[in-house]
Amino acid sequence: DSLSMAFLLLLERLNPVERAVFLLHDVFDYTHTEVAGIIGKTEANCRRIASRARTAMESHRSRFVGTPDQRERLASRFFAAVRLGDVDSLIGMLASDVVVYGDGGGNAPQWSKPIVGAGNVSRLLAGLGKRLGDVGGAIEVREVNGDPGAIIRDRDGLVISVFVLELSEAGDVQTFRSVINPAKLRHLGPVADVWALARERA
């Protein structure tokens, strides 16, 4: 769980001291006395900081757990609907307040702001599936940092992006993240030139 994308993004909500205390105590099992010595605060203060950080993390954490098989089945159905551009099926798997985020890091095309709502998101994803088909791309369903997701490849097998699904307590898709920043994808293999793909489709 401590490697999931959702967890890493939640850590960014904490200030540096909260993050240090939370990680040292809750993730790496240091005692409050040890943490106090490391960060230069009193043990009582560390306990308060840890409690505050834990509350912040829990208030934003996805409640859906499910089995690996359940998550895999949902991801397979979801990405099959993306491939087919099946808006109705996508809407049935999306939370009403689903949000899409893109991470291009300024080095690749990305959405300028989050896209919100099942109707908007289903149409966006159906369009993505069509554009991917137009350039001969493929969706490879994978587990990504513990979450259901997929690696998106071009016709030559080069990595275009990674999609990650975060599930709600009800088991539908609450958040959809697209990482298309080449700097964050190179560890997966050779990365496609997404600007060239965009020009090709145009």
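Everything below is about the structure shown above.
Figured I'd write up the structure that's included with this text. (Residues numbered from 1 in each chain as written. Predicted model: local features only at pLDDT ≥ 70, side-chain atom pairs only at ≥ 80, totals over all residues. Heavy atoms only, no water.)

Quick look at helix α3 (residues 32-39) now. Taken residue by residue, α3 has His32, Val35 and Ala36 as its buried positions. Taken end-on, α3 shows its buried residues confined to a sector of 105°, consistent with a single buried face. Glycine 40 sits one or two residues past α3 and shows a positive phi near 75°. (Buried < 20%, exposed > 50% of the residue type's maximum accessible area, 1.4 Å probe, protein only. Helix = DSSP H or I, 4+ residues; strand = E, 2+ residues; numbered from the N terminus. Arc of directions from axis to C-beta.)

On to the packing of aromatic side chains. A complete count under the given rule lists four aromatic pairs for this structure. Geometrically, the ring pair formed by phenylalanine 78 and phenylalanine 176 is tilted, given 6.1 Å between the ring centres and 40° between the ring planes. Of the two residues, phenylalanine 78 sits in helix α5 (residues 68-84) while phenylalanine 176 sits in strand β6 (residues 173-179), which places them 98 residues apart along the sequence. Note on phenylalanine 78: relative accessible area 0%, which makes it buried. With 4.8 Å between their ring centres and 55° between their planes, phenylalanine 163 and phenylalanine 176 make a pair best called tilted. Remark: phenylalanine 176 occurs in strand β6 and phenylalanine 163 occurs in strand β5 (residues 159-167); sequence separation between them is 13 residues. Assigned by exposure class, phenylalanine 163 and phenylalanine 176 land together as buried. Among the aromatic residues, ring-to-ring pairing joins Phe78, Phe79, Phe163 and Phe176 into one connected group. (Phe/Tyr/Trp six-rings, centres within 6.5 Å; stacked < 30°, edge-to-face > 60°.)

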